[in-house]
Amino acid sequence: MEQFNPIKTNLTQIKQQISQAEKQFNRPSGSVKLLAVSKQKNLADIQCALGCGQIDFGENLVQEAVMKIKGLQANSPQPVWHFIGNIQSNKTKLIAEHFSWVHSLSRLKIAERLNQTRPESLPPLNVLIEVNIDQENSKSGIDANEVLTLAQAVSSLDKLTLRGLMVIPKREGSWDEKVLTFKAVTNLQQQLNRAGFKLDTLSMGMSNDFTAAIAAGSNLVRLGEAIFGARVPKR
Ligand SMILES: *Cc1c(COP(=O)(O)O)cnc(C)c1O
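So, here's what we can say about the structure. Please read these numbers as outputs of a predicted model, since none were measured by experiment. (Residues numbered from 1 in each chain as written. Predicted model: local features only at pLDDT ≥ 70, side-chain atom pairs only at ≥ 80, totals over all residues. Heavy atoms only, no water.)

1. Side note on the overall build of the protein
Thinking step 1. When its secondary structure is counted, the protein shows nine helices and eight strands.
Thinking step 2. Here the C-alpha atoms of the protein give a radius of gyration of 17 Å, agreeing with the 18 Å that 2.2 N^0.38 yields for 235 residues.
Thinking step 3. Summarising its shape, the C-alpha atoms of the protein cover approximately 55 × 40 × 35 Å along the three principal directions.
Thinking step 4. Counting every position in the protein, which comprises 235 residues, the buried fraction comes to 46%.
Thinking step 5. Carbon and sulfur atoms make up 50% of the accessible area of the protein, which totals about 11800 Å². (Helix = DSSP H or I, 4+ residues; strand = E, 2+ residues; numbered from the N terminus. Rg over C-alpha atoms; globule rule 2.2 N^0.38 Å. Buried < 20%, exposed > 50% of the residue type's maximum accessible area, 1.4 Å probe, protein only. Areas by Shrake-Rupley, 256 points an atom, 1.4 Å probe, with all protein chains shown as cover.)

The following block contains the structure:
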């Protein structure tokens, strides 16, 4: 008998829920990509998800991530690594060297440093601008009305490719309120595209709100606990 494997079971269930939500909200089938957020989880858990066909992984602490990335360097298939955490300027080089995507860009100075330190041997780093849509002062991301200016500046950096927007809305609120919040980000992306940008990625939705995000137009959901189980409470 096959041994019970929670990560495999969770991944199967989540993928079903994602395709159900795609159907329910008239999104093209297969249009929503799953990012497995593996922060605080060990190599064995990541390898398990890789073995189930999961390719994209998200991390929020640079040192922890680089250890895992090095630990899986010989793995086939190769994971695609996304940095989703707060970016300190003294960590930009490590991020530029080890990741394919950055979801949490909100300052031009950080963009410039990522651009300067992205190795020539690697393709451009895919970046998303993080929007602070609820205008919570404590949160990361930039105000919606500053996104256009940052997007224009980032577009001129040749080792970065601006791919879209990311948001972490406040945790409170009903499902319908969440949809409205996410829709505001979708609208912002559409505005940017009408202004000439070619943004194709909306990183919205976590374990507790991903169906609302899909209803509102997300095409990349970032799920941690729903795949890997509970994490220890934040340090
Ligand atoms: C931790 C984290 C996630 C995943 O959160 P879950 O609630 O575990 O799904 C998604 N996005 C970001 C930016 C995170 O830090």
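Moving on from the coordinates now.
2. Here's the deal with the packing of aromatic side chains
Each aromatic ring pair is specified by the distance between its two centres and by the angle formed by the two planes.
Thinking step 1. The final tally for this structure, using the stated rule, is three aromatic pairs.
Thinking step 2. Ring centres 5.3 Å apart and planes at 80 degrees place the aromatic pair phenylalanine 83 and phenylalanine 99 in the edge-to-face group. Placement of phenylalanine 83 in strand β3 (residues 80-83) and of phenylalanine 99 in the loop between α4 (92-98) and β4 (101-105) is noted, with a sequence separation of 16 residues between them. Grouping residues by exposure puts phenylalanine 83 and phenylalanine 99 together as buried. (Phe/Tyr/Trp six-rings, centres within 6.5 Å; stacked < 30°, edge-to-face > 60°.)

3. Looking at the pairing of β3
Thinking step 1. Strand direction decides the pairing type here: strand β2 (residues 56-59) and β3, joined by four bridges, are parallel. In the sheet register, glycine 58 faces β3, and the bridge partner there is histidine 82.
Thinking step 2. With two bridges connecting them, β3 and β4 associate as parallel partners. If you follow phenylalanine 83 over to β4, its bridge partner there is valine 102.
Thinking step 3. Of the crossover connections in this fold, the one passing from β3 over α4 to the parallel β4 is right-handed. (Pairing = 2+ DSSP bridges. Right-handed = clockwise from strand over helix to strand, strands pointing away.)

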